[in-house]
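What follows is each chain in one-letter form.
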Amino acid sequence: MTKLRNVSLIGAPTDVGAGARGASMGPEAMRVAGLSEALRARGVDVVDRGNLAGPSNPWQPPVDGYRHLDEVVAWNRTVHDAVYAELKTGRLPIMLGGDHCLGLGSISAVARHCRDTGKKLRVLWLDAHADFNTSELTPSGNIHGMPVACLCGFGPQELIEIGGRVPAISPKWIRQIGIRSVDEGERRFVHEHDLEVFDMRFIDEMGMRHTMELALATLDDNTHLHVSFDVDFLDPVMAPGVGTTVSGGPTYREAHLCMEMIADTGRMASLDLVELNPALDERNKTALVAVDLIESLFGKSTLMRK
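These figures come from a predicted structure and were not determined experimentally.

> Lay out the environment of Val110 in plain terms, naming residues and giving numbers.
Along the chain, Val110 turns up in helix α4 (residues 103-117). By relative accessible area, Val110 is classed as buried at 0%. Note: C-alpha distance between Val110 and Gly26 (84 residues apart in sequence) is 22 Å. Non-local contacts of Val110, meaning those with residues more than four positions away in its chain, are made with Val83, Leu87, Leu121, His224, His226 and Ser270.

What follows is the structure in structure tokens.
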């Protein structure tokens, strides 16, 4: 079970990195779905820090391969500072996005904290997409398709240096799970840098249990486990409220097993929940599923074993 029982919710209500409007409403949808109450019912001390403030979405076309770069930089700096502050006080930050470009600010803060404390870092990237694009590779210029590349040092200077070191992380620290939509150039780039990717074919062939055993292998007491949970990781049948739905994602049970096995490690020390888009949802269904899964991350289980 997760050791850190002091949780801080940090809302980052922006969709500047996305290709559709609406993820800016994600933090409020999670609150409406009862995230705080669900965690408190599990014995977690929850403090909701409210929403961070940042520039509005200008909704402009890309410039030099990047869409809304200045706004994305501003939001990620703010997220970095907020997440880093919570980690310094020994609390577990849950960053409620917003689109997945914000994972850059969040994870660069976690990496900085790990450098401060001498801990190793493992990042689980639960997503339909590898998010390993660059301005040369991207078909859209949307920066929510680039945060993993930026974290690994491939991106504009203003973004890659946010955490104080370039690169913020090594590709070897990442395990990507549920991937099923990757651009052609991005696929080659992923292979060049040897990212460990457990795509949906791997999960189909080997099962979620074996996938997670591999993704969580070699964690120890000195490992900080960060989970970056993009709601489009889930199959759109149960999670329609995302801007970039991709069919063929994990089932409800597979998703719960994934979360339960993460909880079993007792190592999760920070979390992103991103890309929830209430404008595209059905009666807040996706937010309710996300709350349900986060409960599993914090130890909720139907286990009847002794």
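That shown, we press on.
> So, the side chain of Asp281: which residues are in play, and what are the values?
Counting through the fold element by element, Asp281 comes out in the loop between β8 (268-274) and α10 (285-297). Buried Asp281, no salt bridge; nearest opposite-charge side chain is Lys285, N-O distance 7.0 Å. Only 3.2 Å separates the side chain of Asp281 from the backbone nitrogen of Lys285, close enough to count as a polar contact. Sequence-distant contacts of Asp281, that is, excluding residues within four places in its chain, are made with Pro240, Gly241, Leu276, Thr286 and Ala287.

> Just give me the short version of the packing of aromatic side chains, but keep the residues and values in it.
With the rule as written, the count across this model stands at 5 aromatic pairs. Both rings, one in Phe132 and one in Phe154, keep their centres 6.3 Å apart while their planes meet at 75°; by these two values the pair is edge-to-face. Taken together, the residues Phe132 in the loop between β4 (120-126) and α5 (147-151) and Phe154 in the loop between α5 and α6 (157-160) connect sequence positions 22 residues apart. Its relative accessible area of 0% is what places Phe132 among the buried residues.

Cut-offs applied
- Residues numbered from 1 in each chain as written.
- Predicted model: local features only at pLDDT ≥ 70, side-chain atom pairs only at ≥ 80, totals over all residues.
- Heavy atoms only, no water.
- Helix = DSSP H or I, 4+ residues; strand = E, 2+ residues; numbered from the N terminus.
- Buried < 20%, exposed > 50% of the residue type's maximum accessible area, 1.4 Å probe, protein only.
- Contact = heavy atoms within 4.5 Å.
- Lys, Arg positive; Asp, Glu negative; His and termini not counted.
- Salt bridge = Lys/Arg side-chain N within 4 Å of Asp/Glu carboxyl O.
- Polar contact = N/O pair within 3.5 Å; in protein donor to acceptor, adjacent residues only side chain to side chain.
- Phe/Tyr/Trp six-rings, centres within 6.5 Å; stacked < 30°, edge-to-face > 60°.

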